[in-house]
Amino acid sequence: MSSPSSSAMLLVPMLMAILKAASAETFHRAGEIYFGDERANILNGGKLLTLSLDNSSGSGYQSKNNFLFGRFDMHIKLVPGNSAGTVTTYYLSSQGANHDEIDFEFLGNASGQPYTIHTNIYSQGVGNREQQFRAWFDPTASFNMYTVIWNPQRIIFMVDNTPIRVFNNNEAIGVPFPNCQGMTVYSTIWDAEDWATEGGRVKTNWTEAPFTASYKDFDINACVYSSGSSSCGSSESTNSVTCTDQAWLTQALESKDQDKLLWVQENCMIYNYCTDYERFPQGLPPECNQPRFMQ
C-alpha cells in the first residue's frame, strides 16, 4: 500500500492535467472579442463563444497570442436555416500588405442547400489558392471540429480529423510558404451577400437576423511567437500545452488519411484553383504540378 505522502505526490500531476485541460477550453483566457459589441458573447464560464450578424454589423474574436506553427482545433456549429449571404470564419492571419493567412470560411446557404467550405492560403500577401468543398454532413446540427495543422513542411486542413486539403512547402521551386510571420487566430461572422452564396445571386434575408454561429473547445497546441522569437524550445507554453508536445511539427498524412483526403476531394470538391485554366491562361501555379503527398 502506498503512503499518504506518495499518494499525494501522484495526485499533483493528475490535478495539474485536469486544470490544464479545463483552461484550454476557456475563451476568456485564450483571446478576446475585438468587434461586434453585444453581438459577440463568451458564455458558460468561458467555454462557449457565440458570434452574431445583423444588418448593422458582424462580430469577431481573436487570440491574445501570435503563433508560428502549431495545431489549432475549434468546434463550430454554423448558422442554421437560411444563412445565404453570411460568412462564418476560423482562420489565422498576420498583419500588413505582405501578410500570411490560412483560411477556413463557411459560405452561407439557402435553406435546404449544403454549406460551402472555402479554404485559402496567403503567403507574403499573395493568395489565389482557393479550394472549396460541399459539406458532406450538416454543420448546423451539431458541433464539428475544424483543424489547421501548420508546420514547416505543410499545412493540413481537417474536418473531424478527416483531411480535406494539404498545401505543401514548395519554396524549392519558388512558391512562397508561410513560415516567418507570427499569426493570430480569428473567428468572425460577417455579411458577404455580394459573393458568398451562388456568386451573390442569393442575397441575405435580413428578416431572419440575427444569424448566430457557436464555437467551443478552442484547443491550441502551438509555438507562441513574440518579438521575433518562438516559445518552442523554451519552457513557455500555449494555453496549457507545453512545447514538448509537438507531434504536429512533422505531421504528414498516413496512408489511411491519404485515402480519406482523396475521397473528400473526389466527392465533395467543387472548386480547385489548380484546375482553373481560364483563371491562369499563362499556366497553372507551379505547386499544382507537384506530388500531392510530399513526405
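Residues numbered from 1 in each chain as written. Predicted model: local features only at pLDDT ≥ 70, side-chain atom pairs only at ≥ 80, totals over all residues. Heavy atoms only, no water.

**A word on the environment of T140**
Counting through the fold element by element, T140 comes out in the loop between β8 (131-134) and β9 (144-150). It is 5.2 Å that separates the C-alpha atoms of T140 and K77, two residues lying 63 residues apart in sequence. When neighbours within four sequence positions are excluded, T140 is seen to be in contact with K77, L78, V79, P80 and Y115. (Helix = DSSP H or I, 4+ residues; strand = E, 2+ residues; numbered from the N terminus. Contact = heavy atoms within 4.5 Å.)

**Topic: the packing of aromatic side chains**
Summed over the entire model, instances satisfying the criterion amount to 16 aromatic pairs. Each ring, one from Y34 and one from F35, has its centre 5.1 Å from the other, and the planes form 75 degrees; the classification is edge-to-face. Looking at Y34, the relative accessible area reads 34%, which means it is partly exposed. Judged by relative accessible area, F35 falls into the partly exposed class, the value being 29%. Ring centres 5.6 Å apart and planes at 70 degrees place the aromatic pair F67 and F72 in the edge-to-face group. Taken individually, F67 and F72 each receive the classification buried, so the pair is uniform in this respect. Joined through ring pairs, the aromatic side chains of Y34, F35, Y91 and Y186 make up one cluster. One residue, K216, lies across the ring of F143, its end atom 4.6 Å from the ring centre. (Phe/Tyr/Trp six-rings, centres within 6.5 Å; stacked < 30°, edge-to-face > 60°. Buried < 20%, exposed > 50% of the residue type's maximum accessible area, 1.4 Å probe, protein only. Lys NZ or Arg CZ within 6 Å of the ring centre and 35° of its normal.)

**Notes on the environment of N66**
Relative to the assigned elements, N66 resides in strand β4 (residues 59-77). The class for N66 is partly exposed, based on a relative accessible area of 32%. Sequence spacing of N66 and S93 is 27 residues, and the spatial spacing of their C-alpha atoms is 9.0 Å. Residues contacting N66, with those up to four places away along its chain left out, are G182, M183, T184, C223, V224 and Y225. A polar contact is formed between the side chain of N66 and the side chain of T184, at a distance of 2.4 Å. (Polar contact = N/O pair within 3.5 Å; in protein donor to acceptor, adjacent residues only side chain to side chain.)

**Observations regarding the pattern of salt bridges**
For side chains bearing opposite charge, pairing can occur when the charged atoms are close. Evaluation of the coordinates by the stated rule reveals seven salt bridges. Here R279 and E130 are joined by a salt bridge, their closest N and O atoms 2.7 Å apart. Taken as a pair, R279 in the segment after β17 (269-272) and E130 in the loop between β7 (116-122) and β8 lie far apart in primary sequence, 149 residues in all. Accessibility expressed as a relative area gives 30% for R279, which makes it partly exposed. (Salt bridge = Lys/Arg side-chain N within 4 Å of Asp/Glu carboxyl O.)

**Some remarks on helix α3 (residues 255-267)**
Taking 1.5 Å of rise per residue, the 13 residues of α3 would be expected to cover 18 Å, and the 18 Å separating its terminal C-alpha atoms lies within 8% of that figure. Residues of α3 that are buried include every one of D257, Q258, L261, V264 and Q265, and no others. One side of α3 carries all its buried residues, which in axial view fall inside an arc of 125 degrees. Opposite the buried face of α3, at more than 90 degrees from it, the exposed residues are S255, K256 and E266. (Expected span 1.5 Å × (residues − 1). Arc of directions from axis to C-beta.)

**Let's talk about the confidence of the model for the protein chain**
On average, residues of the protein chain score 87 in pLDDT, and 86% of them reach the 70 mark or higher. Taken together, the stretch residues 1-23 has pLDDT below 50 and engages in five contacts with residues farther than four places along the chain or on a different chain. Predicted confidence is poor over residues 234-242, with pLDDT under 50, and the contacts of this stretch with residues over four places away or in other chains come to 26 contacts. (pLDDT = per-residue confidence, 0-100.)

**Here we look at the side chain of Q181**
Along the chain, the position of Q181 falls in the loop between β11 (162-168) and β12 (183-191). In terms of polar contacts, Q181 uses its side chain to reach the backbone carbonyl oxygen of N98, at 2.7 Å. Polar side-chain contacts of Q181 include one of 3.4 Å to the side chain of D100. The contacts of Q181, once residues within four sequence positions are left out, are F67, L68, S94, Q95, N98, H99, D100 and W150.

**Re the nonpolar core**
Soluble globular proteins tend to pack their nonpolar side chains together in the buried interior. Of all hydrophobic cores here, the largest spans 63 residues; its most connected members are F72, Y90, F104, Y146, W150, I155 and F218. Top element by residues in this core is strand β13 (residues 211-226). It accounts for eight residues. (Core = buried A, V, L, I, M, F, W, Y, C linked by side-chain atoms within 4.5 Å.)

**What to know about the pairing of strand β10 (residues 154-159)**
Of all the six residues making up β10, six are buried; the element is thus mostly covered by neighbouring parts of the structure. Neither face of β10 is exposed, since R154, I156 and M158 on one face and I155, F157 and V159 on the opposite face are all buried. Two strands pair when backbone bridges link them, and β9 and β10 are joined in this way by five bridges, in the antiparallel orientation. Residue pairing in the sheet places T147 in a bridge with M158 of β10. Remark: three residues form the turn of the hairpin made by β9 and β10, two consecutive strands paired antiparallel. Hairpin connection between β10 and β11: a loop of two residues separates the two successive antiparallel strands, and D160 in this loop has a positive phi of roughly 50 degrees. (Pairing = 2+ DSSP bridges.)

**A look at the state of the cysteines**
Evaluation of the coordinates by the stated rule reveals two disulfides. Across the disulfide, C274 is cross-linked to C288 (sulfur-sulfur distance 2.0 Å). The disulfide joining C274 to C288 has a torsion of about -75 degrees about its S-S bond and is therefore left-handed. Residue C274 is found in the segment after β17, and its partner C288 is found in the segment after β17; the two are separated by 14 residues along the sequence. Just as C274 is buried, C288 falls in that class too. Numbered by position along the chain, the disulfide-linked cysteines of the protein chain connect as 1-2, 3-4. (Disulfide = S-S within 2.5 Å.)

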